[in-house]
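# Summary of the model geometry
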Amino acid sequence: MERSASRQSRKKVVAVVGGGLVGALNACFFAKRGFDVELFESREDIRRAKIVKGRSINLALSHRGRQALKHVGLEEKIVAQGIPMHARMIHSLDGKQSPIPYGRKGQYILSVDRANLNKELLTAAETYPNTKMNFDHKLQDWNAETGLMTFVRLDGSKEQVKADLIVGCDGAFSAVRKQFLRRSRFDYSQTYIPHGYMELTMPPINGEFAMKPNYLHIWPRNTFMMIALPNLDKTFTCTLFMPFEDFEKITTGDEVIEFFQKYFPDTIPLIGADTLQRDYFRLPAQAMVSVKCNPYHIGDTCVLMGDAAHAVVPFYGQGMNAGFEDCIVFDEIMDQFNEDFRAVLPEYTRVRVPDDHAIADLAMYNYIEMRAHVNSKWFIFRKYVDNILHFFMPKTIIPLYTMVTFTRTRYHEAVKRWHWQNKVKYLEKMCFYTALHLSTVISKVTVLSEAALKAAATLSKQFSI
Ligand code: FAD
Ligand code: EGU
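Described below are features of the structure shown in this document. Quick caveat, the model's predicted, so the values are computed rather than measured.

### Some thoughts on the overall build of the protein chain
Secondary structure summary: the protein chain contains 15 helices and 19 strands in total. In terms of overall dimensions, the protein chain has a C-alpha envelope of 115 × 65 × 40 Å along the principal axes. Residue burial in the protein chain is summarised as follows: out of 465 residues, 51% are buried. Accessible surface, the protein chain: about 23500 Å² in total, of which carbon and sulfur atoms supply 57%. Of the charged side chains in the protein chain, 59 are positive and 50 negative; the average position of the first set lies 6 Å away from that of the second.

Right, dumping it as structure tokens:
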């Protein structure tokens, strides 16, 4: 009793740096535990911003992300503002559309609006009396020995703040992480992929969605790929993935139409030739980076979460989901170690690094596989095989994306299991071919032995044996 009382007398101050998706959610998690939470975000409050700059407009929210939202009582609210996607819709070059379900009836992912989700999370964090939001506070630097942080404001003024724990949720180009890079025995790697992405809006037609809304629409074209997710305002956000050098080859409006005519002809009437030509040149293609590092903490004063710890390429739709799951994992370890940061932080690194690295690898693997040889036929075929094997052996063969998307199986265990399943599938194939071969041999033997019997019978008659 005394211990908890003494702890309550001076609650520790937790500084969450970054008020993006993971930072805002994390503020809720720490506030719920009763810490004095201070959130610092470099941009202005997006709830007041007129134009929201940022990355992708909408995102696929799946099980891991939902579980994290549930922990802070936000799941229902966010789900209600999302659009369920029960299946992918594969668009072939000839305009044919083929749906491939994600799983059983109740298994779907949600298309959610990034800005709206961020706003809801900030509002939720603010409802705790023990949180303080500091917008227009850009972390410039901090001291790993003292925990003292320096923030710069838009007017050029500086502010120094001290906290007991610094939680770095400041995204793929994290300023918090800079101090990690100066330390010994810190592993760090970052890789830019040759592809960029560009977002294009497909407006409603006669006030209705231009395509079926409850699908994740995909146009797989090997090195080029487009994906479209529905929005509440009945538009679709199409994301075109393409090597930068190909983006750069297209310099005129006519070339844009020519390119779409060749690879995505069915989308031209839906997006509209004029809109397409305008939107294509509105913003340059954006880069995608994969970041891996280890450890995620320094002593008992600082920890990285979300993209700051692990930026992944978006080819599994897991970046935000993994970042949200980081928050649950940290929270569970806080329970286990009674909020003792000296024990919690190393344990968090120990438990979480293998899983975040696994999803970073998976996303990169999928990027490489898709760009190498995934056209619509191959995509449909592969997903069908996965689904059929799962249907006949639901306990033995579980598709990788199912474990990743619809369960909280640890990412590194999903990968292990996937390797194991591939061995099983290989053995099955071997058994199948062996059986086929044997049955051929047996049937041949049968034919032969029948012939032999007949011959024997004739001979025996002739010689009256
Ligand atoms: P961010 O969202 O980057 O937030 C970081 C915040 O920190 C920002 O608000 C920033 O202003 C602030 N900040 C930065 N520097 C400082 C500083 N020095 N001081 C103070 N504040 C600072 N994930 C999914 O789960 N599903 C998807 O379908 C999906 N699709 C994607 C599609 C694309 C094209 C891309 C690029 C990503 C996609 N992702 C998806 C990944 C997802 O966007 C990220 O994983 C997620 O945004 C990470 O959240 P975060 O809060 O860690 O970082
Ligand atoms: C990319 C950009 C289909 C949103 C991976 C599937 C994505 C998303 C897939 C983006 C693909 C690719 C999966 C989900 C999802 C598929 C998945 C990718 C959402 C293996 C807003 N990916 N994404 N895999 O299975 O598990 O449908 O920008 F084309 S959701 Cl690349 Cl489940």
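On we go.
### Topic: unusual backbone geometry
With an omega of 0 degrees, the peptide bond between asparagine 294 and proline 295 qualifies as cis. Among the structural elements, proline 295 can be located in the loop between strand 17 (286-294) and strand 18 (297-298). Its identity is not glycine, yet asparagine 206 carries a phi of approximately 50 degrees, on the positive side. Its place among the elements puts asparagine 206 in the loop between strand 13 (187-202) and strand 14 (215-221). Overall, the relative accessible area of 80% leaves asparagine 206 in the exposed class. Phi is positive for lysine 234, which is not a glycine, with a value near 70 degrees. Its location among the elements puts lysine 234 in the loop between strand 15 (224-230) and strand 16 (236-243). For lysine 234, a relative accessible area of 30% translates into the label partly exposed.

The rules behind each value
- Residues numbered from 1 in each chain as written.
- Chains lettered and ligands numbered in written order.
- Predicted model: local features only at pLDDT ≥ 70, side-chain atom pairs only at ≥ 80, totals over all residues.
- Heavy atoms only, no water.
- Helix = DSSP H or I, 4+ residues; strand = E, 2+ residues; numbered from the N terminus.
- Buried < 20%, exposed > 50% of the residue type's maximum accessible area, 1.4 Å probe, protein only.
- Areas by Shrake-Rupley, 256 points an atom, 1.4 Å probe, with all protein chains shown as cover.
- Lys, Arg positive; Asp, Glu negative; His and termini not counted.
- Charge placed at Lys NZ, Arg CZ, Asp CG, Glu CD.

Note that all results are geometric; they support no functional claim without further evidence.
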